[in-house]
Amino acid sequence: MRTRRNIFVILAAVLMPWIAAFESFRATPWSPLFPIQLGFAGALFFVFVPKDRRSGLLRWNLRGFLSAMGLLLLVSFVLSFIAQFVFSGLMQLPVAQWDYMAYFKQIYPDMTKKFGVTGSDLLMFLFLVVMAPVCEELFYRGVFWETFSSTSRRLMYLGSSFFFALRHDSQLTYFWPNYPIWVATFYFIITFISGLIFMRAREKTGSLLPGMVAHAGINLILLTLALLSFKSIITL
């Protein structure tokens, strides 16, 4: 029974990047990833997590939140600085395939057109600050923990963070066939490390809520900076 459950969770983790890649090819006029991910995460959470443990996984812990948030801000700042310095310095090309900020400048106006939103709409906020943290923490730190914690702590940390990073990287197939390899490398590294931080918050606090709120917080900060930086582009 446990083996079947492990296989099912891994298959679900493999499916998530394919869904993100599918929508990134602009095969759909909207984003199916978050509703599908919410359905998967919610269903698996209620099936695999015992009823008497669910309430404890949503217990608040201020210290855990502050620790996770501080680490996320530090990692984001340091790696973003390194990425900008290395990519811009080596390539000297303000294009999305090499330059991190050029990537965001290109993808944001396209995203707003594809999803039918503007920088002032609540839909982008709903996707990135509400649905994404809830879905991803329930699945990658909730279901993964319950499935693999008794098997291998290292596998649980690395596997969860790997699939978390892979799911985010698969969105860059939006630029296919000019896949932004350097941006993808940076994006994978920063989301992989973020996954480790979220998993650490889950382990130290015994709850998903501190990591979930920290996840929402870092997404809110990044979304706000993006909207402020690219406002003239987004509203075209």
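Just so we're clear, the structure is a prediction, and the values are computed from it rather than from any experiment.

When you look at the confidence of the model for the protein in this model, what are you seeing that I'm missing?
Interpretation of the predicted coordinates at a detailed level should be avoided for regions scoring low in pLDDT. Of the residues in the protein, 72% have a pLDDT of 70 or more, and the chain-wide mean is 78. Predicted confidence in the protein is weakest over helix α10 (residues 231-234), with a mean pLDDT of 43, and strongest over helix α7 (residues 153-169), with 91.

Any chance you could explain the nonpolar core here in plain terms?
Soluble globular proteins tend to bury their nonpolar side chains together. With 41 residues, the main nonpolar core has Val9, Phe45, Phe139, Val143, Phe144 and Ala214 as its most contacted residues. Elements represented by at least two residues in this core include exactly α1 (2-24), α2 (33-48), α4 (62-91), α6 (122-148), α7, α8 (181-205) and α9 (209-229). With 9 residues, α8 is the largest single contributor of residues to this core.

Can you walk me through the environment of Gly206 in this structure?
If you trace the backbone, Gly206 turns up in the loop between α8 and α9. Measuring from C-alpha to C-alpha, the distance between Gly206 and Leu58 comes to 9.0 Å, with 148 residues separating the pair along the chain. The residues contacting Gly206, other than those within four sequence positions of it, are Gly56, Leu57, Arg59 and Ala201.

So what exactly am I meant to see when it comes to a nonpolar patch on the surface here?
Residues Leu74, Phe77, Val78, Phe81 and Ile82 make up a contiguous nonpolar surface patch of roughly 530 Å² in combined accessible area. With respect to the element layout, Phe81 can be found in helix α4. Take Phe81: its relative accessible area is 57%, and that puts it in the exposed class.

I'm lost on the packing of α7 against α8 in this one. Help?
Pairs of packed helices are described in terms of their axes, by the angle between the two and the distance that separates them. The interhelical angle for the contact between α7 and α8, taken along N-to-C directions, is 140°, at an axis separation of 8 Å. One finds that α7 runs oblique with respect to α8. For α7 against α8, the interelement crossing comes out right-handed. Here α7 contributes Arg153, Met156, Tyr157, Leu158, Ser160, Ser161, Phe162, Phe164, Ala165, Leu166, His168 and Asp169 to the contact with α8, which in turn contributes Ala184, Tyr187, Phe188, Thr191, Phe192, Ser194, Gly195, Leu196, Phe198, Met199, Arg200 and Glu203. Taken together, the residues of the contact of α7 with α8 sort by class into 14 nonpolar, 6 polar and 4 charged.

What's the story with the packing of aromatic side chains in this structure? I'm lost.
Any aromatic ring pair is given by two values, namely how distant the centres are and how the planes are angled relative to each other. Scanning the model with the defined rule gives 11 aromatic pairs in all. When the centroid spacing of 5.5 Å and the interplanar angle of 40° are considered together, the rings of Trp60 and Phe65 count as tilted. Exposure remark for Phe65: the relative accessible area of 17% places this residue in the buried category. On the numbers, 6.1 Å between centres and 45° between planes, the contact of Phe144 with Phe163 is tilted. One end of the pair, Phe144, is in helix α6; the other, Phe163, is in helix α7, with 19 residues separating them in the sequence. Taken as a pair, Phe144 and Phe163 share a single burial class, namely buried. The lysine or arginine in question, Arg5, covers the ring of Phe48, its NZ or CZ lying 5.3 Å from the ring centre. The ring of Phe164 is capped by Arg141, whose NZ or CZ atom sits 4.4 Å from the centre of that ring.

I keep staring at the environment of Glu146 and nothing clicks. Help me out?
In this structure, Glu146 sits in helix α6. Residue classification places Glu146 among the buried positions, given a relative accessible area of 8%. Put simply, Glu146 and Asn6 are 140 residues apart on the chain and 9.9 Å apart in space, counted from C-alpha to C-alpha.

The rules behind these values
- Residues numbered from 1 in each chain as written.
- Predicted model: local features only at pLDDT ≥ 70, side-chain atom pairs only at ≥ 80, totals over all residues.
- Heavy atoms only, no water.
- pLDDT = per-residue confidence, 0-100.
- Helix = DSSP H or I, 4+ residues; strand = E, 2+ residues; numbered from the N terminus.
- Core = buried A, V, L, I, M, F, W, Y, C linked by side-chain atoms within 4.5 Å.
- Buried < 20%, exposed > 50% of the residue type's maximum accessible area, 1.4 Å probe, protein only.
- Contact = heavy atoms within 4.5 Å.
- Patch = residues over 30% accessible without salt bridge, like charges linked within 9 Å, V, L, I, M, F, W, Y side chains within 5 Å.
- Areas by Shrake-Rupley, 256 points an atom, 1.4 Å probe, with all protein chains shown as cover.
- Salt bridge = Lys/Arg side-chain N within 4 Å of Asp/Glu carboxyl O.
- Axes fitted to C-alpha atoms, helices over the stretch in contact; angles between N-to-C directions.
- Parallel < 35°, antiparallel > 145°, perpendicular 65-115°, else oblique.
- Left-handed = near helix turned anticlockwise from the far one by under 90°.
- Nonpolar A, V, L, I, M, F, W, Y, C, P; charged D, E, K, R; others polar.
- Phe/Tyr/Trp six-rings, centres within 6.5 Å; stacked < 30°, edge-to-face > 60°.
- Lys NZ or Arg CZ within 6 Å of the ring centre and 35° of its normal.

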